[in-house]
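The primary structure of each chain is shown beneath.
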Amino acid sequence: MCRSIKTLRRSGEPATDEEIQAAALQFIRKISGYRQPSRINTPVFEQAVDDVAQAARALLDSLQTPASR
């Protein structure tokens, strides 16, 4: 259905917006069971992808590493 979601937390190299968006899309595809949603479900599918991407960015930006404490 979709590729494995890669770890985006890397030391010294922040995840790009494109990587986060791709991971969010993979996640929503996996949990919804749709590779491509129907026309009627497209708006909620895309909103879910955006919501997950936003939450992922907030998480990655907030995580502290031992060096950042």
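Small disclaimer: the values here were computed from a predicted structure and weren't measured.

Scoring rules and cut-offs
- Every chain's residues receive numbers from 1 upward, in the order its sequence appears when written.
- Only residues with pLDDT of 70 or above have their local features reported here, since the model is predicted, and side-chain atom pairs are shown and tallied only from 80 upward, although totals for entire chains, interfaces and linings are computed over all residues.
- Just so you know, side-chain values use all the structure's heavy atoms and leave hydrogens and water out.
- When a carboxyl oxygen of Asp or Glu lies within 4 Å of a side-chain nitrogen of Lys or Arg, that pair is called a salt bridge.
- Buried means the residue's accessible area, taken with a 1.4 Å probe over protein chains only, is under 20% of the maximum for its type, while exposed means over 50%, and partly exposed covers the values in between.
- Put simply, DSSP H or I for four residues or longer makes a helix, DSSP E for two residues or longer makes a strand, and each gets a number counted from the N terminus.
- Among buried residues, those of type Ala, Val, Leu, Ile, Met, Phe, Trp, Tyr and Cys that are joined through side-chain atoms within 4.5 Å constitute a nonpolar core.
- The contact rule is simple, with two residues in contact once any of their heavy atoms fall within 4.5 Å.
- A helix is expected to span 1.5 Å multiplied by its residue count minus one.
- Between N-to-C directions, angles cover 0 to 180 degrees, with each direction set by a line fitted to C-alpha atoms, over the stretch in contact for helices.
- Note that the term roughly parallel is reserved for angles under 35 degrees, roughly antiparallel for angles over 145, roughly perpendicular for angles of 65 to 115, and oblique for everything else.
- By convention the crossing between two helices is left-handed if the near helix lies anticlockwise of the far one by an angle smaller than a right angle, and right-handed if it lies clockwise.
- Here the term charged refers only to Asp, Glu, Lys and Arg, the term nonpolar to Ala, Val, Leu, Ile, Met, Phe, Trp, Tyr, Cys and Pro, and the term polar to all other amino acids, Gly among them.
- An arc is given here, and it is the one of the directions from the helix axis to the C-beta atoms.

*Asks:* Kindly report on the pattern of salt bridges, identifying the contributing residues and their values.
*Replies:* Side-chain pairs of opposite charge can arise where the charged atoms are in close proximity. In this structure the tally under the stated criterion is 4 salt bridges. Close ionic contact of Glu 13 with Arg 10 constitutes a salt bridge, the shortest N to O distance being 3.7 Å. Judged by relative accessible area, which is 45%, Glu 13 ranks as partly exposed. Note that Arg 57 is salt-bridged to Asp 61, the shortest N-O span being 3.5 Å. With Arg 57 and Asp 61 both in helix H2 (residues 42-62), this residue pair falls 4 residues apart, about one helical turn.

*Asks:* Lay out the nonpolar core with the relevant residues and their values.
*Replies:* Within the largest apolar cluster, 9 residues are counted, these being Leu 8, Ala 15, Ile 20, Ala 23, Ala 24, Ile 28, Phe 45, Val 49 and Ala 53. It is helix H1 (residues 17-32) that contributes the most residues to this core, 4 residues altogether. Excluding anything up to four places from it in sequence, Ile 20 contacts Leu 8, Ala 15, Ala 53, Ala 56, Arg 57 and Leu 60.

*Asks:* An account of H1 is requested, with residue identities and associated values reported.
*Replies:* For H1, built from 16 residues, the straight-helix expectation of 22 Å at 1.5 Å per residue is met to within 8% by its first-to-last C-alpha distance of 22 Å. Among the structural elements, H2 are those in contact with the buried residues of H1. Downstream of H1 by one or two residues, Gly 33 has phi in the positive range, about 85°.

*Asks:* Give a description of the packing of H1 against H2 that names residues and reports values.
*Replies:* Where H1 meets H2, the axes come as close as 8 Å, and the angle between the chain directions of the two elements is 125°. On the basis of their axis angle, the class for H1 and H2 is oblique. Crossing handedness for the pair H1 and H2: right-handed. Residues Asp 17, Ile 20, Gln 21, Ala 24, Leu 25, Phe 27, Ile 28, Arg 29 and Ser 32 of H1 form the contact with H2, whose own contacting residues are Phe 45, Ala 48, Val 49, Asp 50, Val 52, Ala 53, Ala 56, Arg 57 and Leu 60. When its residues are assigned to classes, the contact of H1 with H2 shows 12 nonpolar, 2 polar and 4 charged.

*Asks:* Help me get a handle on H2, residues and values and all.
*Replies:* With 21 residues, H2 should cover 30 Å at 1.5 Å per step; its first-to-last C-alpha distance of 30 Å lies within 8% of that length. Every buried residue belonging to H2 is among Thr 42, Phe 45, Val 49 and Ala 53, and all of these are buried. Looking straight down H2, one finds its buried side chains confined to an arc of 75°; they lie on one side. For H2, exposure combined with an orientation more than 90 degrees from the buried face picks out Pro 43, Val 44, Gln 54 and Ser 62. Elements in contact with the buried residues of H2: H1.

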